[in-house]
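Coordinates in review
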Amino acid sequence: MKLLKSGAIYVFIFFILSGFMYYFLSGKKDENEKIYLNQKIEKASAEFRATLNGYDMIIYFVYKRYLFDPEVLSILSKAYKNKKNHNELRKELYEKLRPLYSDLKRYQIKYFRFYFPDGTTFIRFHRPDKFGDRPEKEKFSIFEVGNNSELRDTIGFKYIFPVIDGNVFVGNVEFTLPFSAVRTEMKKIFKGEYNFLIRKDLVLVKNFSEEKQNYIQSEIDPDFYYENDPEVKFVKWNIPEEVISLINLKIRESLKNGLKDFKARSLAVNIDGNYYIASFIPISNKKEKYIGYLVYYERDNTFGVFRTTFLVSYIGISLIIMILLSMSFVLGLVKERFKTMAEIDPLTGIYNKGKFNELLRFELERNKRYGRPLSIILFDIDHFKKINDAFGHQTGDYVLKTLAKIVSSNIRATDYFARWGGEEFVILAPETDLEGAQILAEKIRKSIEEYPFDVVGQVTSSFGVTEATSKDTVDSFVKRADAALYKAKDKGRNRVEIEISPDMYSD
């Protein structure tokens, strides 16, 4: 029972330490994953900015190179001043800049137009047949720099520059870079998968009804749409489209409130044992209003290492804890075994004489300090040598062990019982005066006498009882009990005799 209780304590300690290590290592894993995912956000943002900066330089170069060309300025200035010859001037400008527009299209910059200060369109290079209209009649654009009523004919990143001839402002030139162009370019350079999610209310506005058929509702959040650009289909997928769909479905499960908060975030998703990371970069227009997200998907071989490291570390440390606790438990058992061997009589399983003397000294000191009663009972088996001679030592051992069990069942848990030597036994009874000890001794004597021992039949014992005084030493206390025992033997055995110290009446 004691062993079982001790083992249960060690198991409890193991679970406590294992639980603490799980909590600690899990926290470190979560912290490392958070840092890593934040790095992914920064990486996606940097790649996005780098791509846009590249387009910024291209478009700004085109503006400085061609819109300051004297021939181009002359055509635009004439068109601004003369309202009658626009068709001829438009054709002249188109022929002049058609090679430029062909180059721009190679960079996916397909939307290029010029309009006068009052907003009237002079020429659209992507639709040269449509001109003379005003911005308020055009379609919606996300990245506008004019007032909220300005509507453009595509969704994308818009660049507007003034065209000035001398000191005369003759109008604006506008380049619009579609989302699909940025997406395709980033796919080529950075080998990931990209998508732009646009707010539902921007896609489904009345003025954009013709184009909304080109947009698909996002699997991640129904309040966002993405562009279904046919040209993107011809670009090789770095991550299979069906895997992207599975990633989106898992992200939707983890995002309870969707994407309405417009916070940058990176999420790791496990698909068939492979980790993919989706980074969401909020995008705002020139008026600092959020309009959607750039979503960057990439397959990642590092994220799983955090969880593998966590599991290996946790299992490894748990095994070390288990081994150390097991060693401690075994050492405890060995120590307990040696202690038992040093304190317990191997035949009867009760205290030996050495341990009893240690307990006796302690109880005598307590008796002197607090003045509480303390008695000792010394007894042996009558004619034990005859039992050994007649029935053999094996039967003698049986009698000793059985007698120890009889006595143990008749004393209190606070009493100390030991084998004094050979067939002699001793009981130390704290908080028991002489009269109480005498009654206890008589009870034990009778129990032994009435017990039906195998082979030998009846066994009897003689008892000597005395009570300690404040002047007693271990020797004087035991010597007096021994004297009482010899008195019992002299009077015929199988009886209880007492011996009173003369000091008891002088105290």
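Residues numbered from 1 in each chain as written. Predicted model: local features only at pLDDT ≥ 70, side-chain atom pairs only at ≥ 80, totals over all residues. Heavy atoms only, no water.

A separate point is the overall build of the protein. For the protein, the helix and strand inventory stands at 13 helices and 15 strands. Burial analysis of the protein (507 residues in total) assigns 46% to the buried set. Taking as baseline every contact in the protein between residues at least 6 positions apart, the subset at least 24 positions apart corresponds to 64%. Put simply, the protein shows about 27300 Å² of open surface, and 55% of that area lies on carbon and sulfur atoms. (Helix = DSSP H or I, 4+ residues; strand = E, 2+ residues; numbered from the N terminus. Buried < 20%, exposed > 50% of the residue type's maximum accessible area, 1.4 Å probe, protein only. Contact = heavy atoms within 4.5 Å. Areas by Shrake-Rupley, 256 points an atom, 1.4 Å probe, with all protein chains shown as cover.)

On to the confidence of the model for the protein. Scored by pLDDT, the protein has a mean of 86; 89% of the residues are at 70 or more. Here residues 136-153 scores under 50 on pLDDT; set against residues more than four positions off or in separate chains, the count is 58 contacts. (pLDDT = per-residue confidence, 0-100.)

The subject of this paragraph is the sheet that holds strand E3 (residues 156-165). One open sheet accounts for four strands, arranged E2-E1-E4-E3; its pairing is antiparallel. The open sheet terminates on both sides in strands that have one partner only, identified here as strand E2 (121-124) and E3. Strand-to-strand twist in this sheet, taken as the mean axis angle between neighbours without regard to direction, amounts to 20°. The sheet contact formed by strand E1 (residues 111-115) and E2 spans three bridges and is antiparallel. Looking at E2, one finds that Phe114 is bridged to Ile123. (Pairing = 2+ DSSP bridges. Axes fitted to C-alpha atoms, helices over the stretch in contact; angles between N-to-C directions.)

Looking at where Asn357 falls in the secondary structure, it is placed in helix H8 (residues 353-370). Classification of Asn357 as buried rests on a relative accessible area of 18%. In this structure, Asn357 is in contact with Trp420 and Val474, ignoring residues within four places of it in sequence.

The next subject is the pattern of salt bridges. Tallied over the entire structure, the rule returns 33 salt bridges. Residues Arg366 and Glu363 are paired through a salt bridge, measuring 3.1 Å at the closest nitrogen-oxygen approach. Taken together, the residues span about one helical turn, with Arg366 and Glu363 both in helix H8 at a distance of three residues. The class of Arg366 is partly exposed, set by a relative accessible area of 25%. According to the relative accessible area criterion, Glu363 is buried, its value standing at 4%. (Salt bridge = Lys/Arg side-chain N within 4 Å of Asp/Glu carboxyl O.)

Before going further, it helps to spend a moment on empty space enclosed by the protein. Applying the stated criterion across every chain yields a total of three cavities of 30 Å³ or more. Counted as a void, the largest cavity has a volume near 40 Å³. As for the largest cavity, its lining consists of Glu363, Arg366, Asn367, Arg372, Pro373, Leu374, Pro430 and Glu431. Counting residues per element, the lining of the largest cavity draws most heavily on H8, which supplies three residues. When the residues that make up the lining of the largest cavity are grouped by side-chain class, the tally is three nonpolar, one polar and four charged. (1 Å grid on protein atoms, 1.4 Å probe; cavity = no way out; pocket = protein on both sides within 12 Å on 5 of 7 lines; lining within 4 Å. Points joined across faces, edges and corners; volume = space filled by probe spheres on them. Nonpolar A, V, L, I, M, F, W, Y, C, P; charged D, E, K, R; others polar.)

Quick look at the sheet that holds strand E6 (residues 215-217) now. Across the sheet, six strands lie side by side as E6-E7-E5-E10-E9-E8; this open sheet has antiparallel pairing. In this open sheet, the two strands that pair with only one neighbour each are E6 and strand E8 (265-271). With direction set aside, neighbouring strand axes in the sheet form an average angle of 30°. The pairing of E6 with strand E7 (residues 224-227) spans three bridges and is classified as antiparallel. Opposite Gln217, over in E7, you have Tyr225 as the bridge partner. Here helix H4 (residues 179-190) sits on the sheet in contact with strand E5 (193-199), E7 and strand E10 (290-300), set at roughly 155° to E5.

Structurally, the position occupied by Leu360 is in helix H8. Judged by its relative accessible area of 0%, Leu360 falls in the buried class. It is 9.6 Å that separates the C-alpha atoms of Leu360 and Val478, two residues lying 118 residues apart in sequence. Every residue in contact with Leu360, bar those within four places of it in the chain, is listed here: Leu428, Val474, Phe477 and Val478.

Axis separation between H8 and helix H12 (residues 474-490) bottoms out at 10 Å; the angle between their running directions is 105°. In terms of axis orientation, H8 runs roughly perpendicular to H12. Seen from H8, the contacting residues are Asn357, Leu360, Arg361 and Leu364; seen from H12, they are Val474, Phe477 and Val478. Residues that form the contact of H8 with H12 fall into these classes: five nonpolar, one polar and one charged. (Parallel < 35°, antiparallel > 145°, perpendicular 65-115°, else oblique.)

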